[in-house]
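Okay, here's what each chain looks like letter by letter:
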Amino acid sequence: MKYDLIDHQLFIKNRKNFMAAMQPNSLAVFNSNDIYPVSADSTLPFAQHRDIFYLSGVDQEESILVLYPDCPKAKHREILFLKETNDHIAVWEGEKLTKEKAFETSGIKTVYWLQDLEKVLFELMTQAETVYINTNEHYRANVETETREDRFTKWLKDKYPAHNVAKSNPILQRLRSVKDQIELDLMQKACDITEKGFRRILKFTKPGVWEYNLEAEFMHEFLNNRSKGFAYTPIIASGNNANVLHYIENNQQCKAGDLILLDVGAEYANYSSDMSRTIPVSGKFTERQKQVYNAVNRVKNEATKLLVPGAYWEDYHIEVGKLMTSELLGLGLLDKADVQNENPDWPAYKKYFMHGTSHHIGLDTHDYGLLHEPMQANMVFTVEPGIYIPDEGFGIRLEDDVVVQESGEPFNLMRNIPIEAEEIEDLMNS
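Please read these numbers as outputs of a predicted model, since none were measured by experiment. (Residues numbered from 1 in each chain as written. Predicted model: local features only at pLDDT ≥ 70, side-chain atom pairs only at ≥ 80, totals over all residues. Heavy atoms only, no water.)

## Describing the overall build of the protein
So, step 1. A tally of regular secondary structure across the protein gives 13 helices and 18 strands.
So, step 2. Taken against the 2.2 N^0.38 rule, which gives 22 Å for 430 residues, the C-alpha radius of gyration of the protein at 24 Å falls within 12% of a compact globule.
So, step 3. The C-alpha extent of the protein, read off along each of the three principal axes, is 70 × 50 × 40 Å.
So, step 4. Within the protein, the proportion of its 430 residues that are buried is 54%.
So, step 5. For the protein, the proportion of contacts with a sequence separation of at least 24, taken over those separated by at least 6, is 72%.
So, step 6. Of the roughly 19,500 Å² of accessible surface on the protein, 49% is carried by carbon and sulfur atoms. (Helix = DSSP H or I, 4+ residues; strand = E, 2+ residues; numbered from the N terminus. Rg over C-alpha atoms; globule rule 2.2 N^0.38 Å. Buried < 20%, exposed > 50% of the residue type's maximum accessible area, 1.4 Å probe, protein only. Contact = heavy atoms within 4.5 Å. Areas by Shrake-Rupley, 256 points an atom, 1.4 Å probe, with all protein chains shown as cover.)

## A closer look at the sheet that holds strand β10 (residues 259-264)
So, step 1. With respect to topology, three strands assemble into an open sheet ordered β9-β10-β13, the strand pairing being antiparallel. Both outer strands of the open sheet, β9 (235-238) and β13 (275-280), are each paired with one neighbouring strand and no more. Put simply, the sheet's adjacent strands are angled 15 degrees from each other on average, direction ignored.
So, step 2. Examined bridge by bridge, β10 and β13 share six bridges and lie antiparallel to one another. Residue pairing across strands places Val264 opposite Met275, the latter belonging to β13.
So, step 3. Its contacts with the sheet put helix α8 (residues 181-204) on β10 and β13, and the angle it makes with β13 is roughly 10 degrees.
So, step 4. The strands touched by helix α9 (residues 211-223) are β9, β10 and β13; relative to β9, the strand with the most contacts, the crossing angle is about 145 degrees. (Pairing = 2+ DSSP bridges. Axes fitted to C-alpha atoms, helices over the stretch in contact; angles between N-to-C directions.)

## Re the packing of aromatic side chains
So, step 1. Scanning the entire structure with this criterion turns up 14 aromatic pairs.
So, step 2. Ring centres of Phe11 and Phe53 lie 5.8 Å apart, and the angle between their planes is 75 degrees; this geometry places the pair in the edge-to-face category. Here the residue Phe11 occupies a position in helix α1 (residues 9-20), and Phe53 occupies one in helix α2 (residues 50-56), the gap between them amounting to 42 residues. With respect to class, Phe11 is no different from Phe53; both count as buried.
So, step 3. With a centroid separation of 5.7 Å and an interplanar angle of 35 degrees, the aromatic rings of Trp313 and Phe381 are classed as tilted. Taken together, the residues span a long stretch of sequence, with Trp313 in helix α11 (residues 313-330) and Phe381 in strand β14 (residues 380-383) at a distance of 68 residues. In terms of burial, Trp313 and Phe381 fall into one category: buried.
So, step 4. Following the ring pairs from residue to residue traces out a cluster consisting of Phe18, Phe30 and Tyr132.
So, step 5. The ring of Trp346 carries Lys350 above its face, with NZ or CZ at 5.5 Å from the centroid. (Phe/Tyr/Trp six-rings, centres within 6.5 Å; stacked < 30°, edge-to-face > 60°. Lys NZ or Arg CZ within 6 Å of the ring centre and 35° of its normal.)

## Points about the packing of α1 against helix α7 (residues 169-177)
So, step 1. Where α1 meets α7, the closest approach of the two axes is 10 Å, and the angle between their N-to-C directions is 135 degrees. Considering their axes alone, α1 and α7 lie oblique with respect to each other. The element α1 and its partner α7 pack so that their crossing is right-handed. Packed against α1, whose contacting residues are Asn14, Asn17 and Phe18, the element α7 presents Ile171, Leu172 and Leu175 at the interface.
So, step 2. A class-by-class count of the residues in the contact of α1 with α7 yields four nonpolar, two polar and no charged. (Parallel < 35°, antiparallel > 145°, perpendicular 65-115°, else oblique. Left-handed = near helix turned anticlockwise from the far one by under 90°. Nonpolar A, V, L, I, M, F, W, Y, C, P; charged D, E, K, R; others polar.)

## A few points about the domain arrangement of the protein
So, step 1. What the domain assignment reports for the protein is domain 1 (8-176) and domain 2 (181-429).
So, step 2. Each of domain 1 and domain 2 has a C-alpha centre, and these two points are 35 Å apart.
So, step 3. With 16 residues of domain 1 in contact, the opposing surface of domain 2 contributes 16 residues.
So, step 4. For the pair domain 1 and domain 2, the summed buried area comes to about 1,700 Å², and 52% of that belongs to carbon and sulfur atoms.
So, step 5. Our enumeration of links across domain 1 and domain 2 arrives at four salt bridges.
So, step 6. A salt bridge links Arg174 to Glu373; the nearest nitrogen and oxygen atoms lie 2.5 Å apart.
So, step 7. Joining domain 1 to domain 2, the criterion identifies 11 residue pairs in polar contact (both at pLDDT 80 or more).
So, step 8. Those elements that place two or more of their residues in the side of domain 1 that touches domain 2 are α2 and α7. (Domains from an automatic or database assignment. Buried area = accessible area lost by both parts, 1.4 Å probe. Salt bridge = Lys/Arg side-chain N within 4 Å of Asp/Glu carboxyl O. Polar contact = N/O pair within 3.5 Å; in protein donor to acceptor, adjacent residues only side chain to side chain.)

Now the structure itself:
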């Protein structure tokens, strides 16, 4: 891995918190992701399942974590099963985790090779009454591919049909949504790498560059700072492309007078950053562009203040809608009649701001978090209002990643990334 070794105290704490929420005499199993084939002998780059990473720090395929806090045999309360490394693998792929390195990474003392899984698991299952399976229940999940975790769950339930079954996901949704300081430091690192990329872009951008040129400049900076690259597929949307919310083609030329909406973020150690900025191709906003830009920035700043402990997701978005409605009236995009006659299920402001304002962020860009429960300190959210005006040929979105505090305004992990219109103009013309 490109990133520096993470303090395994994080993973020890995460396992302790998870096991404290388990039922008595129960066992939980977590699998690595598959390496997915493309065609012939080609594969996609490996990306670790975030749950086993969160609980162990293991960033390697064909790994399994078993947690059994009430196990009569103390050494079997935490177990890692790993693909056994050998000289052939070391030559062709690079050495996999040894048992010693696995302990250094995870803090788990008991490590077996994967070939011993069924034998050891049989012993554990004869003692446990309940088994926790790990299903994907994120509110945005739409998975058509059968994962390694899915196949393992089928095998486990078929092999041990008399056991009670419980779900790991509700526990993980709560635990993963509240970040440890080590996690916040890793996310800050990801945001700092994103800042380096953005500052590079401000110097590089001029009329005639192509969207993919900007994507390449970001990638150059990310890789040079120990990131694997983008935390999600980047959006580099010039002109009217910005009015396509998930525009990812990034294949058009950037023209003088247009704006470029950039929605990009570096990953670091599997943790995501998520930034949106909108910049003028020619280095200077028009009066109208700046008017709309500043309106979006005001909504972002005021919306950020609403992210406090005890706040509820649905109420938060209603309040942000009021802020946006006020700005759209000021811009002349809405009038009072539009607001008075609006459909409560699709308010008038949605014509120009049709997506949500915030989402959890962490190991996943759209991270775990139960939206029906109140916000807590150390949750991390994006704040990303936008105004999209196809008739005027541009869209503007601004986005930072912020940490909810015990009291006061959230802490902005992107506080050092330029965002004020005048600062962006100054940097582009310096």
